[in-house]
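Chain by chain, the residues:
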Amino acid sequence: MTDSNRQAWSRISLPVSGAATETIVLELGAQIAAAFAARLNVLFAPPDPAELAPWLGEGFMGTVQMSTIDSLKVAAEESEVTARSHFDAVAYAAKTFTVLHSPVWQDLALETRLSDLVVFGETSAKGQGLLSEAFQQVLMEERAGVFIARKPFNLGGTALVAWDGKEPSSRAARRAVPLLKKAGKVVIIGAPVGDSPADLRRLADYYGAHGILAQTDPLPKGDVVPLLLDANERHGADFMVAGAFGRSRLREFAFGGTTRALLHNTLLNLYMAH
């Protein structure tokens with residue numbers, strides 16, 4: 001492994017809120033960072049008083065406003081203590097803990113723009129918890145490369161690349177190259193789409209130019225998600241690369257059907273880009 005390959009990604013960010021479920025995400029984020037000798041940039045996102053302003057501005061007396069804001073500060077302080085304890089337990093030296101400041105989303109967006117990868121966990125990907133909105137914004141608005149770390153995996157194992165020749169999946173396939181170079185086996189999978197399905201060998205040739213020897217596995221016609229899950233099990237994949245398809249900025253309709261199913265109804269470790 002050359003130094004240039006090791007340094008392909010140098011800064012990996014991981015937002016946290018102090019939730020107990022974030023311990024596994026921190027461990028997996030550190031695992032990815034270690035593979036690249038990268039900085040693990042842990043970002044604590046506290047509850048943001050600025051988000052209360054629209055409804056605190058009217059109909060609330062001053063004492064009620066102050067009480068609400070004080071309660072929010074106490075909750076933020078307690079969550080930060082928990083988040084720092086989770087951070088301290090991560091056995092990886094090249095790590096930093098940064099507290100985001102109000103307006104939290106703008107601060108997070110800036111950190112995201114200066115990161116090579118952003119790691120989230122199962123809860124956020126399913127639209128739950130304090131970071132669910134941040135997950136959607138980072139992936140869909142900032143268009144950052146995102147790794148959804150759900151369960152332990154072998155970075156040097158098998159990676160699947162779901163590709164249909166369209167822009168979202170092609171963006172993810174391109175941007176995942178540094179990650180795929182770590183995999184021991186790369187398989188490109190794709191289901192027929194329309195009258196002219198994508199030729200998987202074209203992506204394999206692209207990967208070959210990057211020194212990645214990729215196999216191809218054309219899938220039969222049928223429902224895409226069950227086909228992807230079947231391929232994942234058949235190849236014993238450690239993670240999957242897939243494009244994120246969006247239809248609307250409304251939270252309940254933020255992602256297209258295939259993306260929603262992969263995020264909400266599977267336990268796959270996923271690299272996604274929109």
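The rules behind each value
Residues numbered from 1 in each chain as written. Predicted model: local features only at pLDDT ≥ 70, side-chain atom pairs only at ≥ 80, totals over all residues. Heavy atoms only, no water. Pairing = 2+ DSSP bridges. Helix = DSSP H or I, 4+ residues; strand = E, 2+ residues; numbered from the N terminus. Axes fitted to C-alpha atoms, helices over the stretch in contact; angles between N-to-C directions. Contact = heavy atoms within 4.5 Å. Buried < 20%, exposed > 50% of the residue type's maximum accessible area, 1.4 Å probe, protein only. Right-handed = clockwise from strand over helix to strand, strands pointing away. Phe/Tyr/Trp six-rings, centres within 6.5 Å; stacked < 30°, edge-to-face > 60°. Salt bridge = Lys/Arg side-chain N within 4 Å of Asp/Glu carboxyl O. Core = buried A, V, L, I, M, F, W, Y, C linked by side-chain atoms within 4.5 Å.

Colleague: Tell me what's going on with the sheet that holds strand β7 (residues 185-190), and back it up with residues and numbers.
Modeller: Across the sheet, ten strands lie side by side as β3-β2-β1-β4-β5-β10-β9-β6-β7-β8; this open sheet has mixed pairing. Edge positions in the sheet fall to β3 (95-99) and β8 (214-218), since each has one partner strand and no second. Between one strand axis and the next, the sheet turns through 25° on average, direction left out of account. Alignment of strand β6 (residues 158-162) against strand β9 (residues 239-243), held across three bridges, turns out to be parallel. Each residue of the ladder has a partner; that of Ala-159, found in β9, is Phe-239. Across the sheet, helix α2 (residues 22-36) is in contact with β1 (11-16), β2 (39-44), β4 (117-121) and β5 (146-149); its angle to β1 comes to roughly 175°. Contacts from helix α12 (residues 257-264) reach β5, β9 and β10 (270-273) within the one sheet, and its direction differs from that of β10 by about 150°.

Colleague: Account for the environment of Leu-270, naming residues and giving values.
Modeller: The residue Leu-270 is located in strand β10 in this model. Among all residues touching Leu-270, those that are not within four sequence positions of it are Val-146, Phe-147, Ile-148, Arg-150, Met-240, Leu-262 and Leu-263.

Colleague: Residue-level account of the pairing of β2, with values.
Modeller: Burial runs high along β2: five of the six residues are buried. With respect to chirality, the unit in which β1 leads through α2 into the neighbouring parallel β2 is right-handed.

Colleague: Outline the packing of aromatic side chains, listing residues and values.
Modeller: According to the stated counting rule, one finds nine aromatic pairs in the structure shown. Aromatic pair Trp-9 and Tyr-271: ring centres 6.3 Å apart, planes at 15°, arrangement stacked. Here Trp-9 is found in the loop between α1 (3-6) and β1, whereas its partner Tyr-271 is found in strand β10, with 262 residues between them in sequence. Judged by its relative accessible area of 1%, Tyr-271 falls in the buried class.

Colleague: Give me the environment of Gln-136: which residues, what numbers.
Modeller: Structurally, Gln-136 is set in helix α7 (residues 132-141). The class of Gln-136 is buried, set by a relative accessible area of 11%. When the C-alpha positions of Gln-136 and Ser-124 are compared, they lie 8.6 Å apart, and in sequence the two are twelve residues distant.

Colleague: Before we move on, could you go through the pattern of salt bridges and cite the residues and values that matter?
Modeller: Counted by the stated rule, this structure contains nine salt bridges. In this structure, the salt-bridge partner of Arg-234 is Asp-217, at a minimum N-O distance of 2.8 Å. In this pair, Arg-234 sits in helix α11 (residues 224-235) while Asp-217 sits in strand β8, placing the two residues 17 residues apart along the sequence. Residue classification places Asp-217 among the buried residues on the basis of a relative accessible area of 13%. The salt bridge partner of Arg-234 is Asp-230, with a shortest N-O separation of 3.5 Å. Remark: Asp-230 and Arg-234 occur in helix α11; sequence separation between them is four residues, near one turn of the helix. Taken together, the salt bridges that share partners define one network made up of Glu-122, Lys-126 and Arg-150.

Colleague: So, unusual backbone geometry: which residues are in play, and what are the values?
Modeller: The peptide bond linking Ser-102 to Pro-103 adopts the cis configuration, its omega dihedral lying at -5°. Structurally, Pro-103 is set in the loop between β3 and α5 (104-113). Unlike most non-glycine residues, Ala-37 shows phi in positive territory, near 50°. When its relative accessible area of 34% is taken as the criterion, Ala-37 is described as partly exposed. Located in the positive-phi region is Arg-143, a residue other than glycine, with phi close to 55°.

Colleague: Now, about the nonpolar core: what can you tell me, with residues and values included?
Modeller: Grouped together as the largest cluster of nonpolar side chains are 50 residues, with contacts concentrated most on Phe-147, Leu-180 and Tyr-207. No other element matches α2, which puts eight residues into this core. Once residues lying within four places of it in the same chain are set aside, the contact partners of Tyr-207 are Val-161, Ala-173, Val-177, Leu-180, Ile-188, Ile-212 and Ala-214. Core analysis: the second largest hydrophobic core is formed by 34 residues, Ala-162, Leu-219, Ala-231 and Leu-268 among them.

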